[in-house]
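Coordinates in review
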Amino acid sequence: MEIVDLMEAHYRTFFCCLEDWSEDMKDAGVHKERWFQKMKDQGLRVKLAVVDGKACGMIQYTPAEYSATEGEGYYFIHCIWVHGYKQGIGNFHKRGIGKALLQAAEEDIRARDQAGVAAWGISLPFWMKASWFRKQGYRKVDKNGMAVLMWKPFKEGTEPPRWIKEKKRPAREAGVVTVTSFLNGWCPAQNIIHERARRAAQEFGDVVRFKEVDTFDRCTLCEWGIADAVYIDDKRLGWGPPPSYEKIKNKIAKRVKKAKK
Ligand SMILES: CC(C)(COP(=O)(O)OP(=O)(O)OC[C@H]1O[C@@H](n2cnc3c(N)ncnc32)[C@H](O)[C@@H]1OP(=O)(O)O)[C@@H](O)C(=O)NCCC(=O)NCCS
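Before going into details, it helps to say that this report is about the structure given with it. (Residues numbered from 1 in each chain as written. Predicted model: local features only at pLDDT ≥ 70, side-chain atom pairs only at ≥ 80, totals over all residues. Heavy atoms only, no water.)

1. Looking at the side chain of Gln136
Convention followed: In DSSP terms, a helix is any run of H or I states spanning at least four residues, a strand is any run of E spanning at least two, and both are numbered starting from the N terminus. The classification of residues rests on relative accessible area computed with a 1.4 Å probe and restricted to protein chains. Under 20% of the type maximum is buried, over 50% is exposed, and intermediate values are partly exposed. Here, residues are in contact when the closest pair of their heavy atoms is within 4.5 Å.
In this fold, Gln136 is placed in the loop between α4 (130-135) and β7 (139-144). Taking relative accessible area as the criterion, Gln136 reaches 13% and is therefore assigned buried. In this structure Gln136 touches Lys99, Leu102 and Lys152, once residues within four positions along its chain are discounted.

Here it is, written out as C-alpha cells:
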C-alpha cells in the first residue's frame, strides 16, 4: 500500500468517493467536481491510499476558512474514507489504511506550519465515528447536534476551533411548502440528498418551492450557520446515509397535505 497525492488519473474515482460501482452515486450530480475546481488552488489537499494500482482510501483537507468552523491557521479534514463495501474494489477496512492516511495528512499539515488539525465525527458509533479520531489522539472541542468537532493542536497554547452554529433556519410559509437545500459541494452523500430533494420538489408544482443556498460562499454560511442540510419547511432531514428518492418525496407529500388543510 502506498499513500500518494491526488493526480489527474484519479479524478473520476475521487469525485465519486471511490464508489464508481454505486447506483446512488449517479444521483450526486457534478457538485463535488465543481467544488474541487474552486478549491484546487485554495489549499485543498487530497491523498489517496493505493493498493495494486487501485485507490482504496482517501483523505481531503482544506485550510479552516473553507470549513464550517470558525478561525484560521489550521487545517480541517472534511473527509477520510477507506472503501468498506463488498462491491467494486471491496472492503479495505481494518488494515491500517485509515491510520496511514491520517498520519500522512498530519505530516503534510505540520510541514505547512499550521497550529493544528480539526476533523468532524458523529457522536454515535456509525458513519464517521468521532471515537476513531479520539483513538488517533484527537480530543472533542465542540458539538453541533450529532457532529462532534475533534482537534489535535500542533503548537502550545493554541485556541481550539469552534463550529459555526445555526443562526437561523428556513421559516414556514403560508400555503406553500419550502424545500431548502444548503449545499457546499464537498460531499457526494449530501449532493445526492440535494439532487433527490430538488427533483422530488419539482413533482409537486407551485405548492412546493425549492431553494438552494450556496454555503460555499462564506458570508452565506455565516449568515445561516448551516453548512450542509436539506430542510422541508423548518424540519431538517435526518443525519446518516442519503434517504431514497421515494422517502424524500413522501416526506414532502406529507407536508403538502398539511399545507393544503
Ligand atoms: C474510520 C476509517 C477511515 C478507519 O479506516 P481503517 O483503515 O479501517 O482504520 P485503521 O487504520 O484505524 O484500522 C482499524 C483497525 O484495524 C486494525 N488493523 C490495522 N492494521 C491491521 C492489519 N494489517 N490486520 C488486521 N487489523 C489491522 C487496527 O489496529 C485498528 O484497530 P483498532 O481500532 O482496534 O486500533 C474507516 O473505518 C472508514 O472509512 N469509516 C467510514 C468513514 C466515513 O464514513 N467517511 C466518510 C465521511 S463523509
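2. Quick word on helix α3 (residues 97-111)
Applicable threshold: Given the number of residues in a helix, its expected span is that number minus one, multiplied by 1.5 Å.
In a regular helix each residue adds 1.5 Å, so 15 residues correspond to 21 Å; α3 covers 21 Å between its end C-alpha atoms and thus fits that length. Among the residues of α3, those classed as buried are Ile97, Gly98, Ala100, Leu101, Leu102, Ala104, Ala105, Glu106, Asp108 and Ile109. The first or second residue beyond α3 is Asp113, which carries a positive phi of 55°.

3. Re the packing of aromatic side chains
Just so we agree on the cut-off: The pairing test for Phe, Tyr and Trp rings, Trp by its six-membered ring, is centres within 6.5 Å, and the orientation test on the planes gives stacked under 30 degrees, edge-to-face over 60, and tilted for anything in between. Ring-over charges, as used throughout, are those where CZ of Arg or NZ of Lys falls within 6 Å of the ring centre and within 35 degrees of the ring normal.
For the structure on display, the rule yields 17 aromatic pairs. When the ring of Phe182 is compared with that of Tyr231, the centres are 5.8 Å apart and the planes differ by 75°; the resulting orientation is edge-to-face. Residue Phe182 is located in strand β10 (residues 177-183), and its partner Tyr231 is located in strand β12 (residues 229-232); the two are separated by 49 residues in the primary sequence. Side by side, Phe182 and Tyr231 carry an identical accessibility label, which is buried. Three or more aromatic residues joined by ring pairs make a cluster, and in this case those are Tyr11, Phe14, Phe15 and Phe36. Residue placement shows Lys32 over the ring face of Phe14; its charged tip is 3.7 Å from the ring centre. The side chain of Lys38 reaches across the aromatic face of Phe216, ending 4.1 Å from its centre.

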